[in-house]
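# Observations on chain architecture
Chain by chain, the residues run as shown.
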Amino acid sequence: MKKLLVIWHVLSVYVGFAQHLRSYDVDSSFNGKQLILVNGTVDYSASTMRNEVLSPLIFGGYIDSMAKGRSMDADKPFNTVGLEASASYTHYVSLKNKEGFPSRWMVGPTLGSTFMGSLKYTSDLYTLAFYGNEPFLGKYADFSYSEASYYQFQTLGVSLFDRLSQSSASLNLVGLNSYYKGTLGGLDPMKFYYSSEGDSIYGICNGSFSQLTSPAYFKGFGLALSGDYRFNIANEETGKSMSMQLSISNLGFAVSNSVQTQTLDTSFAYGGYTLSQLINREGLLAPGFSYADSLLETETRSKVIFLPASIQIFNVINTQSTARIQPSYGFRMILIPGYIPYVYAGLVTKIIPGLHLGMCASYGGFSGFKLNSAIHYNYKRLSMGIGSDNVIGLASKRAFGKSLSIRLRCDI
């Protein structure tokens with residue numbers, strides 16, 4: 001148990017990204033007096049940027065020209081990169097009924113930590129970042145509708161668990177640590193034109209950038225709801241019912257009075273400096289000149305920040321079933337820019353009693369098609385699942401991201 005908790009702690013502290021595929025959630029209910037749940041998920045993925053570029057950008061390292069070229073060749077007009085990490089710990093204790101016996105209801109504290117970010121960008125923005133302005137000589141560089149966001153927050157709350165249906169609901173206090181949001185263009189464009197000689201640039205700049213400026217550890221507070229609702233649906237072909245689960249996470253908000261927003265809305269033309277300007281330090285080179293003072297409007301005020309809530313529905317694997325093979329499928333959506341509806345479908349095979357292996361194909365999230373896998377082991381009152389939304393990405397530099405999830409349940 002200690003080793004498993006250490007693994008969860010490492011996942012929650014050192015890595016920060018994911019869109020968890022919960023194909024390792026299973027029906028493993030017991031009648032213990034206490035219930036401990038531990039979850040950890042890490043994931044980063046991209047629609048066109050390969051691991052040979054994405055991993056060095058996140059963790060540092062060298063990116064060769066061939067790797068940059070392969071990702072640029074795959075670029076579409078709009079591309080996405082997403083990063084997420086989440087970790088949670090919940091400890092339920094059984095309530096007692098009027099007769100003094102354990103009831104169907106359990107209650108306990110729950111705490112969690114979430115890191116989530118996304119970037120939606122144009123192919124021109126990738127080209128400028130890796131190759132500079134040379135590819136745009138005599139052309140336009142258009143960054144319009146590019147958008148980035150990042151959230152980091154902690155949750156502490158009380159959760160109620162129904163032992164009979166395996167459903168739960170929690171009300172959480174949210175402590176916001178970090179928040180960044182930037183946009184380029186929109187109704188008005190964000191684009192530049194470079195002369196073919198490279199000595200002049202013309203542009204229309206429209207964009208904004210928001211961040212929290214408070215030095216406090218918690219820069220904002222709020223409330224959020226999370227919960228799981230389990231229900232059965234009838235299978236007309238077999239005549240048996242199938243267990244489904246609807247999960248909602250981080251449906252809430254945080255309020256901060258230190259949200260600084262800088263906006264840029266201007267057109268300009270720049271044709272280089274003359275020798276006289278360089279000597280006399282005129283124009284942009286004048287002492288005391290500030291881009292921020294002359295081009296940006298800065299405002300600091302209170303703001304309600306809505307959290308990147310997620311909703312997911314999927315079928316729950318029955319570990320007590322005598323069937324050798326069971327279907328596995330689900331849907332997930334995160335309310336964050338650049339994320340598209342995520343769907344998966346596959347099969348779960350019982351290798352030996354208590355040990356199940358699942359394989360799925362998926363599409364969506366921050367990337368395209370992926371191969372997912374999960375293994376679950378259930379022994380008496382202990383169950384553990386380990387899964388990956390991108391199995392190939394764990395080993396291949398040509399894949400579009402990496403993912404790893406862990407789930408531990410212990411009935412005492």
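Here, the structure is the one placed above.
All of the points below concern the structure found in this document. Computed from a predicted structure; not experimentally measured.

Of all the residues in helix 3 (residues 65-73), the buried ones are A67, K68, G69 and S71. Tucked inside the fold, the buried residues of helix 3 contact helix 2 (51-59) and helix 4 (123-131). Of the residues flanking the start of helix 3, the one acting as N-cap is D64, its side-chain oxygen 3.1 Å from the backbone nitrogen of M66.

Counting 22 residues, the largest nonpolar core has L176, I305, I336 and Y339 as its most contacted members. Where this core is concerned, the elements lending two or more residues are strand 6 (146-162), strand 7 (167-184), strand 11 (241-270), strand 15 (325-334) and strand 16 (340-352). By size, the runner-up hydrophobic cluster in this structure holds 11 residues, among which are L54, I63, A67 and Y121.

It is at 11 Å that the axes of helix 3 and helix 4 come closest, and there the two elements cross at 170 degrees. One finds that helix 3 runs roughly antiparallel with respect to helix 4. Between helix 3, through S65, K68, G69, S71 and M72, and helix 4, the contact on the second element is made entirely by Y126, T127, F130 and Y131.

Another aspect to go through is the pairing of strand 9 (residues 201-212). The pairing of strand 7 with strand 9 spans 5 bridges and is antiparallel. Bridge assignment links L184 to a residue of strand 9, and that residue is G207. In this sheet, strand 9 lies alongside strand 8 (residues 191-194) in antiparallel orientation, the contact comprising 4 bridges. Its bridge partner being in strand 9, K191 is matched across the sheet by I204.

Definitions and limits used
- Residues numbered from 1 in each chain as written.
- Predicted model: local features only at pLDDT ≥ 70, side-chain atom pairs only at ≥ 80, totals over all residues.
- Heavy atoms only, no water.
- Buried < 20%, exposed > 50% of the residue type's maximum accessible area, 1.4 Å probe, protein only.
- Helix = DSSP H or I, 4+ residues; strand = E, 2+ residues; numbered from the N terminus.
- Contact = heavy atoms within 4.5 Å.
- Polar contact = N/O pair within 3.5 Å; in protein donor to acceptor, adjacent residues only side chain to side chain.
- Core = buried A, V, L, I, M, F, W, Y, C linked by side-chain atoms within 4.5 Å.
- Axes fitted to C-alpha atoms, helices over the stretch in contact; angles between N-to-C directions.
- Parallel < 35°, antiparallel > 145°, perpendicular 65-115°, else oblique.
- Pairing = 2+ DSSP bridges.

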